[in-house]
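Fold and geometry: a report
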Amino acid sequence: SKIEADRMHLVNIAQHLLDNANKYTPVRPQIVVSTRDAADGIIFSIQDNGIGISKADQKKIFDKLYRVPEGNIHNFKGFGLGLSYVKTVVESHGGNIKLESELKKGTKFEVFLPHQHRK
């Protein structure tokens, strides 16, 4: 499939999701990247076997500057900008992003991008 999109930003969102999958899977990462055609675009997903995200945090994970609280310390480096950026880029291309996650079992991000962005 082909899509009309900004190559630099799409590479950035894929790299960010892959970096997160690796960062939040501290022991023996198993990361699965897949793509499939949809009727009006493409879907790609990145799934890991990492620490997962609680239901409460899933509601805020795409908010700018939000980081999952871990007491008084953050074991993982970051500024809380990455997933906000990912969502902004995906939506600016007319797409959407979905999240499935369970604590201690992993996370899956699924990104839909239309073949052509309608302005």
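Here the structure is a predicted model, which is why all the values come from computation and not from measurement.

Using the criterion set out here, one finds four salt bridges in the structure. Notably, a salt bridge pairs arginine 36 with glutamate 110, separated by 3.4 Å at the nearest N-O pair. Here arginine 36 is found in strand β1 (residues 32-38), whereas its partner glutamate 110 is found in strand β4 (residues 106-114), with 74 residues between them in sequence. Judged by relative accessible area, which is 43%, arginine 36 ranks as partly exposed. A residue is classified by how much of its surface remains accessible, and glutamate 110, at 14% relative accessible area, is buried. Linking glutamate 102 and lysine 105 is a salt bridge whose minimum nitrogen-to-oxygen distance equals 3.6 Å. For glutamate 102, a relative accessible area of 45% corresponds to the partly exposed category.

Below, the discussion takes up the pairing of strand β2 (residues 41-47). Of all seven residues that make up β2, six are buried, and the element is covered over most of its length. Relative to β2, β1 is paired through seven bridges, and the arrangement is antiparallel. Directly across from valine 33, in β2, lies its bridge partner isoleucine 46. In this antiparallel pair of consecutive strands, β1 and β2, the connection spans two residues.

The rules behind these values
- Counting of residues starts from 1 at the beginning of each chain's written sequence and follows it residue by residue.
- Residue-level local features of this predicted model are given only where pLDDT is at least 70; pairs of side-chain atoms are given and counted only at 80 or more, and the full residue set underlies all totals for whole chains, interfaces and linings.
- Just so you know, side-chain values use all the structure's heavy atoms and leave hydrogens and water out.
- Any Lys or Arg side-chain nitrogen found within 4 Å of a carboxyl oxygen on Asp or Glu counts as a salt bridge.
- Labels follow the DSSP assignment, with helices taken as runs of H or I lasting at least four residues and strands as runs of E lasting at least two, numbered in each case from the N terminus.
- Only protein chains enter the accessibility calculation, which uses a 1.4 Å probe. A residue is then buried if its area is under 20% of the maximum for its type, exposed if over 50%, and partly exposed in between.
- When DSSP finds two or more bridges between two strands, those strands count as paired.

Bear in mind that shape data such as this cannot, by itself, settle questions of function.
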